[in-house]
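Structure at a glance
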Amino acid sequence: MYTFFLILLILDAVVLAAAVLLQSGQGGGLAASFGGASSTDAFVGNRQAATLLTKASWWGGGIFLALCFILSLLSMRSNTPRSVFEQPVQQAAPPPLAPLPLENGKSAAPTPSPAPPLGNTKAPAKSSTPAR
């Protein structure tokens, strides 16, 4: 659907460009609107009959804007696949802690485990040669 509207937009842009470029200019341009021309209707320009090219320009411009709006709406809801890295990471919540059992109305404190000894924990190997 997006590709179809995009092709229509490109075709409309070509027709619109041709319609605008084929029109004859009104003459005078910017210099006429700032005192270069002495007639009263030079500010707005001469009133011309609506030719086929002017109607094509207006319709082409309107269709161009409508297609741009439709394409912008379609591009917001794209169904393109996304990377796994873009998805939010859902970490599992830690399990709730179980309360400690009560003994005679007092809470039993866990007994700390003894720390492992530092250094070499293996017993030295006995050699077959007698010690001197």
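Residues numbered from 1 in each chain as written. Predicted model: local features only at pLDDT ≥ 70, side-chain atom pairs only at ≥ 80, totals over all residues. Heavy atoms only, no water.

Section: the overall build of the protein chain
Counting secondary structure elements, the protein chain contains three helices and two strands. When its helices and strands are written in sequence order, the protein chain yields α-α-α-β-β. Evaluated residue by residue, the protein chain yields a buried proportion of 8% over its 132 residues. Taking the contacts inside the protein chain whose residues are at least 6 apart along the sequence as the reference set, 79% of them involve residues at least 24 apart. Element-wise, carbon and sulfur atoms account for 66% of the exposed surface of the protein chain, whose accessible area totals about 12500 Å². (Helix = DSSP H or I, 4+ residues; strand = E, 2+ residues; numbered from the N terminus. Buried < 20%, exposed > 50% of the residue type's maximum accessible area, 1.4 Å probe, protein only. Contact = heavy atoms within 4.5 Å. Areas by Shrake-Rupley, 256 points an atom, 1.4 Å probe, with all protein chains shown as cover.)

Notes on helix 1 (residues 2–22)
Under the 1.5 Å per step criterion, the end-to-end length of helix 1 is 30 Å for 21 residues, consistent within 8% with the ideal 30 Å. Burial in helix 1 covers these residues: Phe5, Leu9, Asp12, Leu16 and Ala19. Down the axis of helix 1, the buried set is contained in an arc of 95 degrees. They therefore lie on one face. Across helix 1 from its buried face, at more than 90 degrees, point the exposed residues Thr3, Ile10, Leu11, Val14, Leu21 and Leu22. Buried residues along helix 1 sit in contact with helix 3 (52–76). (Expected span 1.5 Å × (residues − 1). Arc of directions from axis to C-beta.)

Observations regarding a nonpolar patch on the surface
Taken together, Met1, Tyr2, Leu6, Ile10, Val14, Phe69, Ile70 and Leu74 make up a surface patch of nonpolar side chains, about 770 Å² in accessible area. Secondary structure elements with two or more residues in the nonpolar patch: helix 1 and helix 3. With respect to the secondary-structure elements, Ile70 resides in helix 3. (Patch = residues over 30% accessible without salt bridge, like charges linked within 9 Å, V, L, I, M, F, W, Y side chains within 5 Å. Salt bridge = Lys/Arg side-chain N within 4 Å of Asp/Glu carboxyl O.)

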